[in-house]
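Results of the structural survey
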Amino acid sequence: MPRVLLMVGTKKGAFLLESDETRRDWSIRGPFCEGFEIRDVTYDPSDGAIYAAATSSWFGHAVFRSPDLGETWTHSSEGLAYGDDRPKLTRVWNVTPAHGAVFAGVEPAGLFRSDDAGATWHHIEGLTNHPSREGWFPGNGGLILHTVVPHPTDPDRMWVGASSVGVFETTDGGVNWTPRNKGVRQDYNPGEPLEVGSCVHKFALAAGSNQTLYQQNHCGVYRSDDGGAHWTEITGSLPSEFGFVLGVHPRDPQTAWVLPLTAPEKGRFTPDAKAAVWRTRNGGGSWERLSDGLPQQNAWLSVLREAMGVDTLERPGVYFGAQSGQVFASADEGESWREIASYLPAIASVDVAVIAG
Amino acid sequence: MAQVRLPTALVTLFPGTPRRLVLPGETVAGVLASLEEQVPGIHDRLFASRLEIREHIRIFVDGEAAGLATPVPPRSTVDVVLAVSGG
């Protein structure tokens, strides 16, 4: 029977929640990477390793790796630096394994690559040295590269996202990068939207596609059908254009989930103090509110950009974690929800993997 | 040679590392270089850059606050302490 492994990154370490394919009863192990703030925890199906993007005010930043589902961990930050004559790298925000390599998104925004399972890292200079770099300004969370989306089959192609900067694409392994932000509103900037300056919060490739992307932005939800060259707004009936998380169905390119939050000046909470996830089944043509089992009063939840995961079971499960320490799980694509953990430290990330039992 | 005392939170990151080691070095920098030889990778946990100890870590020699250039007399004690400002 397959195992469902939920990897949760928190302000005080990583936690692993595990269930079977029923997703009814969950065990919790942790904290791992103690003392480190974990912004992302992810699974590499190519070798069964778990990676964690970690930062400590005492010990700095590192990427942790467990080869055995959390039993043992190693860590390294060798090469994960810009150099003594450049700004200090302050935090690792994202770790993404792809095509035999591991990528790390960091703050100040930049991209690093490891070809030895995280033991050593080298800097992808092409992105940091992009001609638009002088115009990169931090968002509320900082100048952070928080999303790495690998192409499913081409190892030289990927997209990355940086807050208040936007989406970039490379087709040559990171040597050259092209901004991909046309059509995305930048309501906080006077005048026409700039080539860079778009505040992407999260984006992902649609299932089975190498061209269709969904994006949750500061200013709405978007879809692109040409690899990010152009974006079309699909915010529609959502109660707020603002939110952080985005989840995509593992097989249906028309289905995605978001979790709208109130605008920044209103607190970035679940609207009306009622928790709800919204789902589209038609590529953003319409949205339905899903809240069965989620708190519907006095629930001012804040859910950060990395804190939603979708599993690959036949009826996909959807999961999200709140900064107030709760993890919510649905085993039926969001139709119904249960709180499966209540008292974790502030949650920054939720990811999920289905592993052979 | 100096006795070096390390905090639990640091040695936890390097399984098998004792909290107390005896290491050579004429300065704090020298002792920490010896520490890196014994515990590969620990330098990155202590240093923010090549020549700068991390902000929330303090080094003491025989109970006195020290910098990288501080001399370490023979048989002295070098403490690596996690500042209360961190964590």
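To be clear, the structure that these remarks concern was listed above.
Presented here is a report on the structure given in the accompanying data block.

1. A few points about the overall build of chain B
From N to C terminus, chain B includes three helices and seven strands. A compact globule built from 87 residues would reach a C-alpha radius of gyration of about 12 Å, and chain B, at 12 Å, matches this within 12%. Here the C-alpha coordinates of chain B stretch approximately 30 × 25 × 25 Å along the principal axes. Considering chain B as a whole, with its 87 residues, one finds that 25% of them fall into the buried category.

2. Examining the overall build of chain A
In terms of regular secondary structure, chain A is built from one helix and 28 strands. Relative to the globule expectation of 21 Å for 357 residues, the C-alpha radius of gyration of chain A, 19 Å, shows essentially globular dimensions. Principal-axis analysis of the C-alpha atoms places the extent of chain A at approximately 50 × 50 × 35 Å. Every one of the 357 residues in chain A was classed for burial, and the buried ones make up 50%. In chain A, once contacts between residues fewer than 6 apart in sequence are set aside, the share between residues at least 24 apart is 50%.

3. What to know about the interface of chain A and chain B
Each partner contributes residues to the interface: chain A has twelve residues there, and chain B has 15 residues. A breakdown of the residues in the side of chain A that touches chain B according to their chemical character gives two nonpolar, six polar and four charged.

4. Notes on the environment of B:Gly63
As for its placement among the helices and strands, B:Gly63 is situated in the loop between strand 5 (57-61) and strand 6 (64-66). Sequence separation of B:Gly63 and B:Ser76 is 13 residues, and the distance between their C-alpha atoms is 9.6 Å.

5. With respect to the sheet that holds strand 1 (residues 2-5) of chain B
All names here are of chain B. If you trace the five strands from one edge of the open sheet to the other, you get 2-1-7-5-6, paired in mixed fashion. Both edges of this open sheet fall to strand 2 (20-23) and strand 6, since each of them pairs with a single strand only. Strand-to-strand, the axes of this sheet are offset by a mean angle of 30°, without reference to chain direction. Judged from the three bridges that link them, strand 5 and strand 6 form a sheet pairing that is antiparallel. Within strand 6, the position partnered with Val61 by the bridge is Glu64. Its contacts with the sheet put helix 2 (residues 28-38) on strand 1, strand 2, strand 5, strand 6 and strand 7 (77-82), and the angle it makes with strand 2 is roughly 115°.

6. What about the nonpolar core?
Of all hydrophobic cores here, the largest spans 103 residues; its most connected members are A:Val8, A:Ala52, A:Ala54, A:Val63, A:Ala104 and A:Tyr319. For A:Val63, the contacting residues outside a window of four places in its chain are A:Tyr51, A:Ala52, A:Ala53, A:Ala54, A:His75, A:Ser76, A:Val92, A:Val95, A:Ala104 and A:Gly118. B:Val4, B:Leu10, B:Val31 and B:Val78 belong to the second-largest nonpolar core, a separate cluster that totals 21 residues.

7. Regarding the sheet that holds strand 4 (residues 37-44) of chain A
All names here are of chain A. One open sheet accounts for four strands, arranged 4-5-6-7; its pairing is antiparallel. Whereas interior strands pair on both sides, the edge strands pair on one side only; in this sheet they are strand 4 and strand 7 (74-76). Adjacent strand axes in the sheet meet at a mean angle of 25°, parallel and antiparallel pairs treated alike. Relative to strand 6 (residues 60-66), strand 5 (residues 49-56) runs antiparallel, the two being bridged by seven bridges. The residue bridging Thr55 from the neighbouring strand is His61, located in strand 6.

8. Notes on the pairing of strand 13 (residues 158-162) of chain A
All names here are of chain A. Within strand 13, five of the five residues are buried, which leaves the element mostly enclosed by the surrounding structure. Neither face of strand 13 is open: one carries Met158, Val160 and Ala162, the other Trp159 and Gly161, and all of them are buried. In the sheet, strand 12 (residues 145-150) pairs with strand 13 via five bridges, with the strands oriented antiparallel. By the bridge assignment, Val149 is partnered in strand 13 with Trp159. In this sheet, strand 14 (residues 166-170) lies alongside strand 13 in antiparallel orientation, the contact comprising five bridges. Across the sheet, the residue bridging to Gly161 is Val167, located in strand 14.

9. Re the environment of A:Trp300
All names here are of chain A. Its place among the elements puts Trp300 in the loop between strand 23 (288-290) and strand 24 (308-310). The sequence separation of Trp300 and Phe269 amounts to 31 residues, and the corresponding C-alpha distance is 5.1 Å. With residues up to four places along the chain from it excluded, the contact list for Trp300 reads Gly267, Phe269, Thr270 and Ala273.

10. Details of the environment of A:Arg23
Residues and elements named next belong to chain A. In this structure, Arg23 sits in the loop between strand 2 (13-20) and strand 3 (27-32). Residue classification places Arg23 among the buried residues on the basis of 21 C-beta atoms within 10 Å. Residues within four places of Arg23 in sequence aside, it is in contact with Val4, Gly317, Ala329 and Ala331.

About the cut-offs
One numbering rule holds for all chains: residues counted from 1, following each sequence as written. Chains carry letters and ligands carry numbers; both start at the beginning, A for chains and 1 for ligands, and go up in the order they are written. For a predicted model such as this one, the threshold for reporting local features is a pLDDT of at least 70, and the threshold for listing and counting side-chain atom pairs is 80 or more; totals across whole chains, interfaces and linings nevertheless cover every residue. Helix and strand assignments follow DSSP, with helices taken as H or I runs no shorter than four residues and strands as E runs no shorter than two, numbered in order from the N terminus. Throughout, radius of gyration means the C-alpha value; the globule benchmark is 2.2 Å times the number of residues raised to the power 0.38. As a rule, residues whose C-beta atom has 12 or fewer other C-beta atoms within 10 Å are exposed, those with 20 or more are buried, and those in between are partly exposed; C-beta atoms are placed from the backbone. Contact criterion: two residues are in contact if their C-beta atoms, reconstructed from the backbone, are within 7 Å. Just so you know the grouping, Ala, Val, Leu, Ile, Met, Phe, Trp, Tyr, Cys and Pro go in nonpolar, Asp, Glu, Lys and Arg go in charged, and all remaining residues, Gly too, go in polar. Two strands form a pair only when DSSP identifies at least two bridges running between them. In this analysis, axes come from line fits to C-alpha atoms, helices being fitted only over the stretch in contact, and the angle between any two N-to-C directions falls in the range 0 to 180 degrees. Think of a nonpolar core as buried Ala, Val, Leu, Ile, Met, Phe, Trp, Tyr and Cys residues chained together by C-beta atoms that fall within 7 Å.

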